[in-house]
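# Fold and contact review
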Amino acid sequence: MTPIVSLPFLFPTPIPLATLLTVVAALAYGFLSWQVLRQVAAQSKARLAQASLSAKARQDSQPSAGVAPPLLGFALTIHAGALYFEMFGDGSVHFSFAVAISVILWLAVVLHGFESLAHRQRGLLALILPITSACVLLPLIFPAEHPLVHIGSHLFRVHFILAMLAYGVFLLATLQACLLWIAERDLHHPERLTAAPRFPPLLRMENLLFRMLGIAFLLLTASLATGLLISEQFYGQWIRADHKTIFAVLSWLIFGALLLGRRLRGWRGRKATGWTIAGFMSLLLAYVGSRFVLEVLLDRSL
């Protein structure tokens, strides 16, 4: 049974603990988003003024990293608690497209959040945190009504963890590709380059993008390999020609071609950005999209 909490001074009727934790997590992410976006805006104003300032004044005008790691840790902990009760609250395991999105975003914040704070890199945080603050509420709108099958299999658990990790890293790579596209666009506007740059050097951003893609591709490959074993174990066939398999293989081919093109032909710039976004959209359709169609549009489980 899902735990219920009673807060008569806030809510007239008792509410599930998962709901309360989800709302608190959304508020915490929202506050973090406000802090990061405020810093980005302050940094933009500082760049406009730096062209006429002395070197000492430029150093003093740099905005500080105001996002507190304890608050980020609090938001992640509360979010993790909400996910736990959403998935395991009644003794069985429930997983839906909404919970999948929430898990992927939680992993993305974990993988990038504290590193960004340590290096004062607000770019990805300015994209991840607002998205997370909104999407963390999705399980309340689309509750997980169908239990997850085959969860008792250790092989399935390994496959599940690998798939979620791959989604999380690919999400970071896709957001990094979007930042890279914005940075390249700045090159065509000389007035934006007269002051302090908004982004690290393009070469560094590209190298980070392809490191993310390489790690995520290995995770996706391992996820597909374990998926083949699961399909043979539970369904008696190595490959099932369903939408999830088709889009997952398509995304694997797209990312594989991108990494091969980078190695053999030095692909970069808009080509790398476009292929990254296309591959992630295909991967998103493979699992999250198929679950959305089945659970919301067709009202049945996978």
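For clarity, every value in this text was computed on a predicted model and none was experimentally measured.

Attention now goes to the overall build of the chain. Along the chain, the regular secondary structure elements total 10 helices and 2 strands. Sequence-ordered secondary structure for the chain, helices as α and strands as β, is β-β-α-α-α-α-α-α-α-α-α-α. Residues classed as buried in the chain amount to 44% of the 302 residues present. Here the contacts in the chain between residues at least 6 apart in sequence split such that 75% fall between residues at least 24 apart. Of the roughly 15,600 Å² of accessible surface on the chain, a fraction of 69% belongs to carbon and sulfur atoms.

In total, this model carries 2 salt bridges according to the counting rule given. A salt bridge links Glu206 to Arg262, with the shortest nitrogen-to-oxygen separation between them at 3.7 Å. Separated by 56 residues along the polypeptide, Glu206 in helix 8 (residues 202-235) and Arg262 in helix 9 (residues 243-265) bring together distant segments of the chain. Taking relative accessible area as the criterion, Glu206 reaches 1% and is therefore assigned buried.

We now examine the packing of aromatic side chains. Applying the stated criterion across every chain yields a total of 8 aromatic pairs. Note on Phe170 and Phe255: the rings are 4.0 Å apart at their centroids and 20° apart in plane angle, and the pair reads as stacked. Linking Phe170 in helix 7 (residues 154-186) with Phe255 in helix 9, this pair joins segments that are 85 residues apart in sequence. Residue Phe170 is classed as buried on the basis of its relative accessible area of 0%. Relative accessible area serves as the criterion here: at 1%, Phe255 is assigned to the buried category. Geometrically, the ring pair formed by Phe217 and Trp252 is stacked, given 5.5 Å between the ring centres and 20° between the ring planes. In this pair, Phe217 sits in helix 8 while Trp252 sits in helix 9, placing the two residues 35 residues apart along the sequence. Residue classification places Phe217 among the buried positions, given a relative accessible area of 15%. Look at Trp252 and you get partly exposed, because its relative accessible area is 30%. Grouped by ring-pair contacts, the aromatic residues Tyr84, Phe85 and Phe88 constitute a single cluster.

Attention shifts here to the confidence of the model for the chain. Summing up the model confidence of the chain, the mean pLDDT is 79 and the portion of residues at 70 or higher is 72%. The secondary structure element of the chain with the lowest average pLDDT is helix 2 (residues 55-61), at 48, and the one with the highest is helix 9, at 91. Note on residues 54-61: pLDDT is under 50 here. Beyond four places in sequence and across chains, it has 6 contacts.

For the rest of this paragraph, the subject is helix 9. Its 23 residues give helix 9 an end-to-end C-alpha distance of 32 Å, which sits within 8% of 33 Å, the value for a rise of 1.5 Å per residue. Ala248, Ser251, Ile254, Phe255, Leu258 and Gly261 are the residues of helix 9 that are buried. After helix 9 finishes, the residue Gly266 shows a positive phi value of roughly 70°.

Taking 1.5 Å as the rise per residue, helix 8 with 34 residues should run 50 Å; its terminal C-alpha atoms sit 47 Å apart, in good agreement. At the C-terminal side of helix 8, Gly236 shows a positive phi close to 75°.

Mapped onto the fold, Thr132 is located in helix 5 (residues 123-135). The residues contacting Thr132, other than those within four sequence positions of it, are Tyr29, His79, Leu105 and Val109.

With that settled, consider the nonpolar core. Residues Tyr29, Phe95, Val103, Met164, Phe170 and Leu213 are the most contacted members of the largest nonpolar core, which totals 72 residues. When contributions to this core are tallied by element, the ones reaching two or more residues are helix 1 (17-50), helix 3 (69-88), helix 4 (97-119), helix 5, helix 7, helix 8, helix 9 and helix 10 (269-297). The dominant element in this core, judged by the number of residues it contributes, is helix 7, at 15 residues. Sequence-distant contacts of Val103, defined by excluding residues within four places in its chain, comprise Leu83, Met87, Phe95 and Met164.

Close contact between helix 8 and helix 9 brings their axes to 10 Å; oriented N to C, the two are set at 140°. One way to sum up the angle between helix 8 and helix 9 is to call them oblique. When you trace helix 8 past helix 9, the crossing you get is left-handed. Here Glu206, Asn207, Phe210, Leu213, Gly214, Phe217, Leu220, Thr221 and Leu224 of helix 8 lie close against helix 9, whose contacting residues are Ala248, Ser251, Trp252, Phe255, Gly256, Leu258, Leu259 and Arg262. Of the residues contributing to the contact of helix 8 with helix 9, the split by class is 10 nonpolar, 5 polar and 2 charged.

Secondary-structure assignment places Thr276 in helix 10. Beyond its immediate stretch of four places on either side in the chain, Thr276 contacts Ala173, Thr174, Ala177, Leu209, Leu213, Phe255 and Leu258.

The rules we used
- Residues numbered from 1 in each chain as written.
- Predicted model: local features only at pLDDT ≥ 70, side-chain atom pairs only at ≥ 80, totals over all residues.
- Heavy atoms only, no water.
- Helix = DSSP H or I, 4+ residues; strand = E, 2+ residues; numbered from the N terminus.
- Buried < 20%, exposed > 50% of the residue type's maximum accessible area, 1.4 Å probe, protein only.
- Contact = heavy atoms within 4.5 Å.
- Areas by Shrake-Rupley, 256 points an atom, 1.4 Å probe, with all protein chains shown as cover.
- Salt bridge = Lys/Arg side-chain N within 4 Å of Asp/Glu carboxyl O.
- Phe/Tyr/Trp six-rings, centres within 6.5 Å; stacked < 30°, edge-to-face > 60°.
- pLDDT = per-residue confidence, 0-100.
- Expected span 1.5 Å × (residues − 1).
- Core = buried A, V, L, I, M, F, W, Y, C linked by side-chain atoms within 4.5 Å.
- Axes fitted to C-alpha atoms, helices over the stretch in contact; angles between N-to-C directions.
- Parallel < 35°, antiparallel > 145°, perpendicular 65-115°, else oblique.
- Left-handed = near helix turned anticlockwise from the far one by under 90°.
- Nonpolar A, V, L, I, M, F, W, Y, C, P; charged D, E, K, R; others polar.

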